[in-house]
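# Summary of structural features
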Amino acid sequence: MKNLICIVCPRGCRLKVDEEHDYAVTGNGCPRGAEYGRIELTNPTRVVTSTVRCAGGVHPRCPVKTDRPIPKALVRAAAAALDGVTLTAPAELGQVVLSDVCGTGASFITTRAI
């Protein structure tokens, strides 16, 4: 039995996930909490946020994030993939900065216009 706090909404339900009974979830206040509990133990994923260098803009760095969650085990490698990336201003909101991050099919996109 694993104990988790659900992060899907602000309620923060205290979940209990029973690994021995097909990842049955209790303590959830909604169906999304049950789904979160199962996924968190079987295939945890995260949206990665970071910044990249920006040349020629008002700000020296531009915030970016993955456009979809990627496997938690690849978060460090995804962040490291941004080390050599430099944007040139102007950059639009939602512009793709790096495609197919770590072979996941996800892309890093800008989260602000520069």
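Above this text you will find the structure in question.
Given the structure is predicted, the values throughout are model-derived calculations rather than measurements.

### What about helix 1 (residues 31–42)?
- Given a rise of 1.5 Å per residue, 12 residues ought to cover 16 Å, and the 17 Å separating the end C-alpha atoms of helix 1 matches this to within 8%.
- Buried within helix 1 are the following residues: Gly33, Ala34, Tyr36, Gly37 and Glu40. Axial view of helix 1: buried residues confined to an arc of 160 degrees, hence all on one face.
- If you follow the buried residues of helix 1, they end up packed against strand 1 (2–5), strand 2 (14–18), strand 3 (24–26) and strand 4 (45–46).

### Section: unusual backbone geometry
- The residue after Ala89, namely Pro90, is reached through a cis peptide bond having omega 5 degrees.
- Relative to the helices and strands, Pro90 is located in the loop between strand 8 (86–88) and strand 9 (96–98).
- Here Tyr23, not a glycine, exhibits a phi torsion of approximately 55 degrees, which is positive.
- Along the chain, the position of Tyr23 falls in the loop between strand 2 and strand 3.
- Within the chain, Asp100 stands out as a residue other than glycine whose phi angle is a positive 45 degrees.

### Side note on the environment of Asn28
- The topology assignment puts Asn28 in the loop between strand 3 and helix 1.
- Residue Asn28 is classed as partly exposed on the basis of its relative accessible area, which comes to 26%.
- C-alpha of Asn28 to C-alpha of Gly12: the two residues are 16 residues apart in sequence and 9.0 Å apart in space.
- Excluding anything up to four places from it in sequence, Asn28 contacts Cys13, Leu15, Gly33 and Ala34.
- At 2.9 Å, the side chain of Asn28 and the backbone oxygen of Cys30 are in polar contact.

### Points about the sheet that holds strand 5 (residues 49–55)
- Ordered in space as 8-5-6-10-9, the five strands form an open sheet in which the pairing is mixed. In the strand order of this sheet, the two ends are held by strand 8 and strand 9, each with one partner. Going from strand to strand, the sheet's axes swing by 45 degrees on average, the running direction of each strand aside.
- The pairing of strand 5 with strand 6 (residues 61–66) spans five bridges and is classified as antiparallel. Note that in strand 6 the partner of Thr51 across the bridge is Pro63.

### Comments concerning the pattern of salt bridges
- A complete count under the given rule lists two salt bridges for this structure.
- Across the pair Glu40 and Arg46 runs a salt bridge whose closest N-O atoms are separated by 2.8 Å.
- For Glu40, a relative accessible area of 14% corresponds to the buried category.
- Owing to a relative accessible area of 26%, Arg46 belongs among the partly exposed residues under this scheme.
- Here Arg68 and Asp67 are joined by a salt bridge, their closest N and O atoms 3.5 Å apart.

Parameters and conventions
Residues numbered from 1 in each chain as written. Predicted model: local features only at pLDDT ≥ 70, side-chain atom pairs only at ≥ 80, totals over all residues. Heavy atoms only, no water. Helix = DSSP H or I, 4+ residues; strand = E, 2+ residues; numbered from the N terminus. Expected span 1.5 Å × (residues − 1). Buried < 20%, exposed > 50% of the residue type's maximum accessible area, 1.4 Å probe, protein only. Arc of directions from axis to C-beta. Contact = heavy atoms within 4.5 Å. Polar contact = N/O pair within 3.5 Å; in protein donor to acceptor, adjacent residues only side chain to side chain. Pairing = 2+ DSSP bridges. Axes fitted to C-alpha atoms, helices over the stretch in contact; angles between N-to-C directions. Salt bridge = Lys/Arg side-chain N within 4 Å of Asp/Glu carboxyl O.

Note that all results are geometric; they support no functional claim without further evidence.
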